[in-house]
Amino acid sequence: MILDLALVKKHLIVEHGDDDVYLTSLCEAAEQQFNDYTGRVLYAEGADLSAAPENALEVTEAIQLGAAVLVAALYENREGLQALPTPTRMLWNPYRWLRV
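Attention now goes to the side chain of Asn55. Considering the arrangement of structural elements, one finds Asn55 in the loop between β1 (41–43) and β2 (56–58). Side-chain polar atoms of Asn55 contact the backbone oxygen of Gly39, separated by 2.6 Å. Other than its neighbours up to four places away in sequence, Asn55 contacts Gly39, Arg40, Val41 and Trp97.

Below, the structure written as structure tokens:
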């Protein structure tokens, strides 16, 4: 998992470990949503991107914060969401891979 569970738990103000497995699953789903939304392939910070695809991208704090907002929205609304939260879109839009 590329996203930081500790950051997500801090964002949610969750201090216990009871939901760690569920939160990890939500983090993985948020990472996949980032890839789908932006058309990028997300890699861990410091990863060797020399053999990575052209649309590869190292994770940044803005990407992680956008993911934390998405995870929080999914955690609090377990029935699902109609769309990405606005802060997530605002933080992720600069990373969209647009082919012209």
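Having seen it, we continue.
So, on to the environment of Arg78. If you trace the backbone, Arg78 turns up in the loop between α3 (61–76) and α4 (86–92). Setting aside chain neighbours within four positions, we find Arg78 in contact with Asp19 and Tyr22. Here Tyr75 takes part through its backbone oxygen, which lies 3.1 Å from a polar atom of the side chain of Arg78.

Counted at 1.5 Å a residue, the expected span for helix α2 (residues 20–38) with its 19 residues is 27 Å, and the 26 Å between its end C-alpha atoms agrees. Leu23, Leu26, Cys27, Ala30, Glu31, Phe34, Asn35, Tyr37 and Thr38 are the residues of α2 that are buried.

Moving on: the packing of α2 against α3. Interhelical geometry of α2 versus α3 gives an angle of 125 degrees and a closest axis separation of 9 Å. Overall, the two elements α2 and α3 adopt an arrangement that is oblique. Pair α2 / α3 crosses with right-handed handedness. Contacts between α2 and α3 involve Tyr22, Leu23, Leu26, Cys27, Ala30, Gln33 and Phe34 from the former and Ile63, Ala67, Leu70, Val71, Leu74 and Tyr75 from the latter. Taken together, the residues that form the contact of α2 with α3 break down as twelve nonpolar, one polar and no charged.

About the cut-offs
- Each chain has its residues counted from 1, running along the sequence as written.
- In view of the model being predicted, local features appear only for residues whose pLDDT reaches at least 70, and side-chain atom pairs are presented and counted only at 80 or more, with totals across whole chains, interfaces and linings using the full set of residues.
- Computation of side-chain values: all heavy atoms of the structure, hydrogens and water removed.
- Helix and strand definitions here come from DSSP, where helices need a minimum of 4 consecutive H or I residues and strands a minimum of 2 consecutive E residues; each element is numbered from the N-terminal end.
- Polar contact is defined as a pair of N or O atoms within 3.5 Å, subject to the rule that within protein one atom must be able to donate a hydrogen and the other to accept it, and that residues adjacent in sequence are counted only when both atoms are side-chain atoms.
- Should any heavy atoms of two residues lie within 4.5 Å, those residues are considered in contact.
- One less than the residue count of a helix, multiplied by 1.5 Å, gives the span that helix is expected to have.
- Buried residues are those whose accessible area, probed at 1.4 Å on protein chains only, stays under 20% of the maximum for their type, while exposed residues exceed 50% and partly exposed ones sit between those limits.
- Convention adopted: a line fitted to C-alpha atoms gives each axis, helices being fitted over their contacting stretch, and angles between N-to-C directions are expressed from 0 to 180 degrees.
- With respect to orientation, any angle under 35 degrees is reported as roughly parallel, any angle over 145 as roughly antiparallel, any angle of 65 to 115 as roughly perpendicular, and every other angle as oblique.
- Throughout, a crossing is termed right-handed when the near helix is turned clockwise from the far one, and left-handed when it is turned anticlockwise from it by less than a right angle.
- Amino acids outside the nonpolar list (Ala, Val, Leu, Ile, Met, Phe, Trp, Tyr, Cys, Pro) and the charged list (Asp, Glu, Lys, Arg) are all regarded as polar, and Gly is one of them.

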